[in-house]
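Examining the three-dimensional arrangement
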Number of protein chains: 2
Amino acid sequence: MKVTFKGDYALKAVLDLALHYNKELVTGHDLAQRIDAPIKFLEQVLLDLKKGGFVESRRGNIGGYLLSKAPVQITVGEIIRFIEGPTEPISCVRESYSNCTDIHRCVFKKIWQRVSQATSDIIDNVTFEDLVSQVNAGRQVLAYSI
Amino acid sequence: MKVTFKGDYALKAVLDLALHYNKELVTGHDLAQRIDAPIKFLEQVLLDLKKGGFVESRRGNIGGYLLSKAPVQITVGEIIRFIEGPTEPISCVRESYSNCTDIHRCVFKKIWQRVSQATSDIIDNVTFEDLVSQVNAGRQVLAYSI
DNA sequence: GTATACTCTACTTTGTCAATAGGAATTATA
DNA sequence: TATAATTCCTATTGACAAAGTAGAGTATAC
Ligand code: FES
Ligand code: FES
């Protein structure tokens, strides 16, 4: 699995929206500043996240974005897969891998499947609620240490 | 981790050489045919594998390639990392990840580290001897079923 | 000396990533 | 209603890597 800037922005955006869940709308402008992303690029990412059903929006003055589900119902894996595609290191759609009569070539597939499964076991079991908790815990530590 | 054609070819090439280890040299031509790779592209990959110390070669008539170590001493992880680079889904060299004072941004790093570790646990524990065994086992099954 | 093979470097093509640009549509509110 | 703020949509660009192509150069067995 490879994670591009787009995927990185998407994850950070969803986390930021999760931190504001059930509170206020978040404008693209504020979001872009906090996660340090170019606003016009982020807008496209947010549009994608809308199409994916993760995010809703309100237009016009005092508009903004919000999560369409509770953070506990969104996993990191869902976002990553939606933005980046399958987690497999290499796809078997390729010709060299598609004729599986030749065992000589297919020993590697099992490895990629194991890697893919191990990756999924991690990213599908982290919800944005978990991440919100981590951030809040970090903030408390900071508050105490001041 | 993403695996490109180059990495795919490299793995298949090393496996083929492992299947001929301590037997005969393998020419680039034969290798390219068996693993279905463009010969001129494969030659570059083999040169890289030479520089990495995985492969040796003999020039001239009746030349060819051979493994420089026993298959049991080469892991899939070594080859992949040498050809493709680090296994992390996303690198922390990026600016947005480099100022780790902001915890809000760093919650994802732990996830990528876990994915990276899980990947390593798999690919670093498969040697080409293991793969040779698998291929031979597959061949036996085929032989019996005929 | 010649056929066969590896070596080295440069080039091309293609596609993706990341960002940029500019406007169109929508909405609260003064 | 005018206006400012905001999201929505599409097109374009620049940089870079992936994948393959090309051809001349070097070594070696026979
Ligand atoms: S190749 Fe995809 S598996 Fe045999
Ligand atoms: S960002 Fe690389 S870690 Fe905090």
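The notes below deal with the structure included here. (Residues numbered from 1 in each chain as written. Chains lettered and ligands numbered in written order. Predicted model: local features only at pLDDT ≥ 70, side-chain atom pairs only at ≥ 80, totals over all residues. Heavy atoms only, no water.)

A look at the overall build of chain A
Scanning chain A from N- to C-terminus turns up seven helices and two strands. Listing every helix and strand of chain A by position from the N terminus yields α-α-α-β-β-α-α-α-α. When the 146 residues of chain A are sorted by exposure, 47% land in the buried category. Expressed as a percentage of contacts within chain A between residues at least 6 apart in sequence, the contacts between residues at least 24 apart total 65%. Total accessible area computed for chain A in this model is approximately 7,600 Å², and 52% of it derives from carbon and sulfur atoms. (Helix = DSSP H or I, 4+ residues; strand = E, 2+ residues; numbered from the N terminus. Buried < 20%, exposed > 50% of the residue type's maximum accessible area, 1.4 Å probe, protein only. Contact = heavy atoms within 4.5 Å. Areas by Shrake-Rupley, 256 points an atom, 1.4 Å probe, with all protein chains shown as cover.)

Considering the pairing of strand 2 (residues 64–67) of chain A
Residue and element names in this part refer to chain A. Relative to strand 2, strand 1 (residues 55–58) is paired through four bridges, and the arrangement is antiparallel. Following the sheet pairing, Arg58 is matched in strand 2 by Gly64. From the end of strand 1 to the start of strand 2, which pair antiparallel, there are five residues, and Gly60 there has a positive phi angle of about 80°. (Pairing = 2+ DSSP bridges.)

Observations regarding the relation of the copies chain A and chain B
Note on the copies: chain A fits chain B at an RMSD of 0.1 Å, the axial shift is 0.0 Å, and the rotation between them is 179°. Such a turn and shift between the copies fits a two-fold axis. For chain A, the residue whose C-alpha comes nearest the rotation axis is Met1 of chain A, separated from it by 2.3 Å. When the interface residues of chain A are mapped onto chain B, 100% of them again lie at the interface, so the same face is used by both copies. (Least-squares fit on C-alpha atoms with pLDDT ≥ 70 in both.)

A few points about the interface of chain A and chain B
Across the boundary between the two partners, chain A contributes 43 residues, which contact 43 residues of chain B. Here chain A and chain B share an interface that buries about 3,900 Å² over both sides, 69% of which is from carbon and sulfur atoms. Our enumeration of links across chain A and chain B arrives at zero salt bridges. Counting every contact that joins chain A to chain B gives three residue pairs in polar contact (both at pLDDT 80 or more). At the level of secondary structure, the elements contributing two or more residues to the side of chain A that touches chain B comprise helix 1 (5–19), helix 2 (28–35), helix 4 (76–84), helix 5 (95–98), helix 6 (103–123) and helix 7 (128–145) of chain A. When residues in the side of chain A that touches chain B are grouped by element, the largest group, 14 residues, is from helix 6 of chain A. Split by residue class, the side of chain A that touches chain B holds 26 nonpolar, seven polar and ten charged. (Buried area = accessible area lost by both parts, 1.4 Å probe. Salt bridge = Lys/Arg side-chain N within 4 Å of Asp/Glu carboxyl O. Polar contact = N/O pair within 3.5 Å; in protein donor to acceptor, adjacent residues only side chain to side chain. Nonpolar A, V, L, I, M, F, W, Y, C, P; charged D, E, K, R; others polar.)

A few points about the protein's contact with DNA strand D
If you check the shell around DNA strand D, you find 28 residues, and the closest are Gly28, Lys50 and Ser57 of chain A together with Lys40 and Gln44 of chain B. What you see for DNA strand D is that sugar and phosphate hold 68% of its atoms within 4 Å of the protein. A distance of 2.5 Å separates a base oxygen of DNA strand D from a polar atom in the side chain of Gln44 of chain B. Broken down by secondary-structure element, the contributors of at least two residues to the surface near DNA strand D are helix 3 (39–51), strand 1 and strand 2 of chain A together with helix 1 (5–19) and helix 3 (39–51) of chain B. The element that contributes the greatest number of residues to the surface near DNA strand D is helix 3 of chain A, accounting for five residues. Here the residues of the surface near DNA strand D are counted per class, giving eight nonpolar, twelve polar and eight charged. (Near = heavy atom within 4 Å.)

Structural notes on the protein's contact with DNA strand C
Taken together, 28 residues surround DNA strand C, and among them Lys40, Gln44 and Arg59 of chain A together with Lys50 and Ser57 of chain B come closest. For DNA strand C, the backbone makes up 71% of the atoms found within 4 Å of the protein, where backbone means sugar plus phosphate. Here a phosphate oxygen of DNA strand C sits 3.1 Å away from a polar atom, N or O, in the main chain of Phe5 of chain A. At 3.3 Å from a base oxygen of DNA strand C is found a main-chain nitrogen or oxygen belonging to Gly60 of chain A. At the level of elements, helix 1 and helix 3 of chain A together with helix 3, strand 1 (55–58) and strand 2 (64–67) of chain B are the ones that each hand at least two residues to the surface near DNA strand C. Of the residues forming the surface near DNA strand C, the biggest block, five residues, is contributed by helix 3 of chain B.

Some thoughts on the packing of aromatic side chains
Within this structure, the stated rule accounts for eight aromatic pairs over all chains. Ring geometry for Tyr9 of chain B versus Phe41 of chain B: centroids 5.7 Å apart, planes at 80°, classification edge-to-face. Taken together, the residues span a long stretch of sequence, with Tyr9 of chain B in helix 1 and Phe41 of chain B in helix 3 at a distance of 32 residues. Exposure remark for Tyr9 of chain B: the relative accessible area of 7% places this residue in the buried category. In textbook terms, an aromatic cluster arises when at least three aromatic residues are bridged by ring pairs, as seen for Phe5, Tyr9 and Phe41 of chain A. (Phe/Tyr/Trp six-rings, centres within 6.5 Å; stacked < 30°, edge-to-face > 60°.)

Note that all results are geometric; they support no functional claim without further evidence.
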